[in-house]
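# Commentary on secondary and tertiary structure
Below, each chain spelled out in residue letters.
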Amino acid sequence: MATRVITYGTFDMFHEGHRRLLERARELGDHLTVGVTSEDYDATRGKLNVQEGLMQRIEGVRRSGLADEIIVEEYEGQKLHDVQSRDIDTFAIGSDWLGKFDYLNPFCDVVYLDRTKGISSTDLRAERHGTVRIGVIGSGRIAARFVPESRFVSGVSVDVVYSPNAANAARFAATHELDRACGSVEELFALVDAVYIASPHGTHAELVRAAIAAGKHVLCEKPLALTKAEAAELFALAAEAKVVLMEAIKTAYAPGFRRMLAVAQGGSIGQLVSIDATFTKLIPSGREHVAPEGGAISELASYVLLPFVKLFGTEPVEVRTTSLKPPGSEVEVFSKIDLTYPNGVGTARVGIGVKAEGELVIGGTEGYLYVPAPWWLTDYFELRYEDPGKRERYYVKFARDGLRYEIGEFAAVIRAGALASYMLRPEESIGLAGMIEAARSQDRYFGVE
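Quick caveat: nothing in here was measured; it's all calculated off a predicted structure.

From N to C terminus, the chain includes 14 helices and 19 strands. A compact globule built from 449 residues would reach a C-alpha radius of gyration of about 22 Å, and the chain, at 24 Å, matches this within 12%. Seen through its principal axes, the chain has C-alpha atoms that stretch 80 × 60 × 40 Å. Looking at the chain as a whole, 54% of its 449 residues qualify as buried. Summed over all atoms, the accessible surface of the chain reaches about 18,900 Å², with 50% contributed by carbon and sulfur. Seen as two clouds, the 50 positive and the 62 negative side-chain charges of the chain have centres 1 Å apart.

Now for the sheet that holds strand 2 (residues 31–37). Reading across from one edge, 3-2-1-4-5 is the order of the five strands in this open sheet, with parallel pairing throughout. Edge positions in the sheet fall to strand 3 (69–73) and strand 5 (109–113), since each has one partner strand and no second. Between one strand axis and the next, the sheet turns through 25 degrees on average, direction left out of account. Running over the sheet, helix 3 (residues 54–64) touches strand 2 and strand 3 and is turned about 160 degrees from strand 2.

Relative to each other, helix 8 (residues 204–213) and helix 9 (residues 228–241) sit at 10 degrees, their axes nearing to 10 Å. As the angle between them shows, helix 8 and helix 9 are arranged roughly parallel. Counted together, Ala 205, Val 208, Arg 209 and Ile 212 of helix 8 and Glu 230, Glu 233, Leu 234, Leu 237, Ala 238 and Ala 241 of helix 9 form the full contact between these two elements. Here the residues of the contact of helix 8 with helix 9 sort into seven nonpolar, no polar and three charged.

The side-chain alternation of strand 11 (residues 245–248) yields two buried faces, one formed by Leu 245 and Glu 247 and the other by Met 246 and Ala 248. As paired strands, strand 10 (residues 217–221) and strand 11 are joined by four bridges and run parallel to one another. Residue pairing for strand 11: Cys 220 is matched across the bridge by Glu 247. For the segment spanning strand 10, helix 9 and strand 11, crossover handedness is right-handed.

So, on to the side chain of Arg 57. Position of Arg 57 relative to the elements: it lies in helix 3. A residue is classified by how much of its surface remains accessible, and Arg 57, at 0% relative accessible area, is buried. Sequence-distant contacts of Arg 57, that is, excluding residues within four places in its chain, are made with Thr 10, Phe 11, Asp 12, Val 36, Thr 37, Ser 38, Glu 39, Asp 42, Val 50 and Glu 52.

Further remarks concern the sheet that holds strand 8 (residues 180–182). Across the sheet, six strands lie side by side as 8-7-6-9-10-11; this open sheet has parallel pairing. Taken across any chain shown, the strands that pair with only one partner, and hence form the sheet edges, are strand 8 and strand 11. Within the sheet, the average angular offset between the axes of one strand and its neighbour, ignoring direction, is 30 degrees.

This part covers the nonpolar core. Of all hydrophobic cores here, the largest spans 87 residues; its most connected members are Ile 134, Leu 305, Ile 362 and Leu 369. Among the elements that make up this core, the one with the highest residue count is helix 12 (residues 296–311) (11 residues). Once residues within four sequence positions are removed from consideration, Leu 369 is found in contact with Met 260, Val 263, Ala 264, Ile 269, Leu 360, Val 361, Ile 362, Phe 381, Glu 382 and Leu 383. Ile 137, Val 192, Phe 235 and Ile 430 belong to the second largest nonpolar core, which has 28 residues in total.

We now examine the packing of aromatic side chains. What the rule picks out here adds up to 16 aromatic pairs. Arranged with centres 5.4 Å apart and planes meeting at 75 degrees, the rings of Trp 97 and Phe 152 form a pair that is edge-to-face. One end of the pair, Trp 97, is in the loop between strand 4 (90–94) and strand 5; the other, Phe 152, is in the loop between helix 5 (141–150) and strand 7 (156–162), with 55 residues separating them in the sequence. Ring centres 4.8 Å apart and planes at 40 degrees place the aromatic pair Tyr 380 and Tyr 395 in the tilted group. One end of the pair, Tyr 380, is in strand 18 (residues 380–384); the other, Tyr 395, is in strand 19 (residues 391–395), and 15 residues separate them in sequence. Of the aromatic side chains, those joined through ring pairs into one cluster are Tyr 8, Phe 91, Trp 97, Phe 101, Tyr 103 and Phe 152.

Another aspect to go through is the packing of helix 11 (residues 255–265) against helix 12. Two elements in contact, helix 11 and helix 12, have axes separated by 11 Å at closest approach and are oriented at 45 degrees. Comparing the axis directions of helix 11 and helix 12 gives the class oblique. In this structure, helix 11 meets helix 12 at a crossing whose hand is right-handed. Taken together, the residues of helix 12 that come into contact with helix 11 (itself represented by Phe 257, Leu 261, Ala 264 and Gln 265) are Leu 306, Pro 307, Lys 310 and Leu 311. Its residues assigned to classes, the contact of helix 11 with helix 12 shows six nonpolar, one polar and one charged.

Right, let's get into a negative patch on the surface. Taken together, the side chains of Asp 30, Asp 87, Asp 89 and Asp 109 make up a negatively charged region of the molecular surface. Here Asp 109 lies in strand 5.

Following Ala 291, the chain continues into Pro 292 via a peptide bond in cis, with omega recorded as 5 degrees. Note that Pro 292 resides in the loop between strand 12 (272–280) and helix 12. Going from Ala 373 to Pro 374, the amide bond is cis rather than trans, its omega being -10 degrees. As for its placement among the helices and strands, Pro 374 is situated in the loop between strand 17 (368–371) and strand 18. With a phi angle near 50 degrees, Met 13 is a residue other than glycine that sits in the positive phi range.

Quick look at the confidence of the model for the chain now. Taken over all residues, the pLDDT of the chain has a mean of 92, while the share at 70 or more is 96%. Taken as a whole, residues 120–129 scores under 50 in pLDDT and shows 22 contacts with residues more than four places along the chain or in a different chain.

Procedures and definitions
- Residues numbered from 1 in each chain as written.
- Predicted model: local features only at pLDDT ≥ 70, side-chain atom pairs only at ≥ 80, totals over all residues.
- Heavy atoms only, no water.
- Helix = DSSP H or I, 4+ residues; strand = E, 2+ residues; numbered from the N terminus.
- Rg over C-alpha atoms; globule rule 2.2 N^0.38 Å.
- Buried < 20%, exposed > 50% of the residue type's maximum accessible area, 1.4 Å probe, protein only.
- Areas by Shrake-Rupley, 256 points an atom, 1.4 Å probe, with all protein chains shown as cover.
- Lys, Arg positive; Asp, Glu negative; His and termini not counted.
- Charge placed at Lys NZ, Arg CZ, Asp CG, Glu CD.
- Pairing = 2+ DSSP bridges.
- Axes fitted to C-alpha atoms, helices over the stretch in contact; angles between N-to-C directions.
- Contact = heavy atoms within 4.5 Å.
- Parallel < 35°, antiparallel > 145°, perpendicular 65-115°, else oblique.
- Nonpolar A, V, L, I, M, F, W, Y, C, P; charged D, E, K, R; others polar.
- Right-handed = clockwise from strand over helix to strand, strands pointing away.
- Core = buried A, V, L, I, M, F, W, Y, C linked by side-chain atoms within 4.5 Å.
- Phe/Tyr/Trp six-rings, centres within 6.5 Å; stacked < 30°, edge-to-face > 60°.
- Left-handed = near helix turned anticlockwise from the far one by under 90°.
- Patch = residues over 30% accessible without salt bridge, like charges linked within 9 Å, V, L, I, M, F, W, Y side chains within 5 Å.
- Salt bridge = Lys/Arg side-chain N within 4 Å of Asp/Glu carboxyl O.
- pLDDT = per-residue confidence, 0-100.

As structure tokens, then:
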């Protein structure tokens, strides 16, 4: 009896990496069924920037000559239905999804196929079709989330990493099946079109300058800079070099947050008057607690100040900060930042040693907009009014960790030949840096003897 194998994918811009995966899937049996995802299903699962239509992607698989049958994957849960209804013996999928499909084990063998190293960074260069090669600088927690998220963005390839600690870089490359752990930033620059900087805060500006000097586009983790002057300098350098520089505040690029801004600005709650935003998390130790770049403000204020910049602007009349800095601590672990604008006021709270409800409330003359915790991962918000029976609810997709949205926008801006994204403009990042600088410069403390 023939052994039947099934695999799935978007197969956008069909390339040698896709071919190798199908070849290995086919070697597992006698008959290979390939499921190609529909546009609607890709959208629901957070797959971004798909370049080709469904029929083009099916044709790419068909031309490979490796599929005995091609089907369309249209909904969540279809895999189990297909495995059972088609008498599948082996389900094969890339190792990016390790463990994700173990639930199919009672019905068939589940095989995770290793990525073919060297394909995306070498063999595909001749058939790039607009793919943006991104190198990762840094090997910490956020970089570890960036790589798997990048694989949901069509037209992006992440295959190399650099870290000053060579052992950490090697482990990172092995864990995420990257082609190479580079020995220097110069080596990494030679292999990529763009870089994602996820190093400690104090190294951001130096690395951004180096990448721009090498002619590379830059997506830099927040905060891009801790002073307004330095942020302005970096954007000026990028503009002169005609490369993209974007600050990686993932909330700014998320569909739910952008929808929320549009509703808030649309007049549904009248004139906007106040904003209250809170983001805290308990971080017992690490670089966040080390001066001079550590502290709750430098770590989290980019998020809580973002709604102010978007709704009230980049130039508050006054920024007043009160912080908690426990005895023996190098940095503040909780801060309340009060902001006054010509037409609005608000409070932003951040903490790395204090926990509070992470909600966002935008007050207006006719009602208010409420986003529950964690508001920076906006997937739901409400409009509330004086009449408690009058309430409008909004639901918006937020996929996984959300980094794919900033990656997708970064790649889209590069391919468009633009230098900035409307979702977070250079002047807004510069304004954020100035507000963070003002907040950090104050020495008002409470709870200290």
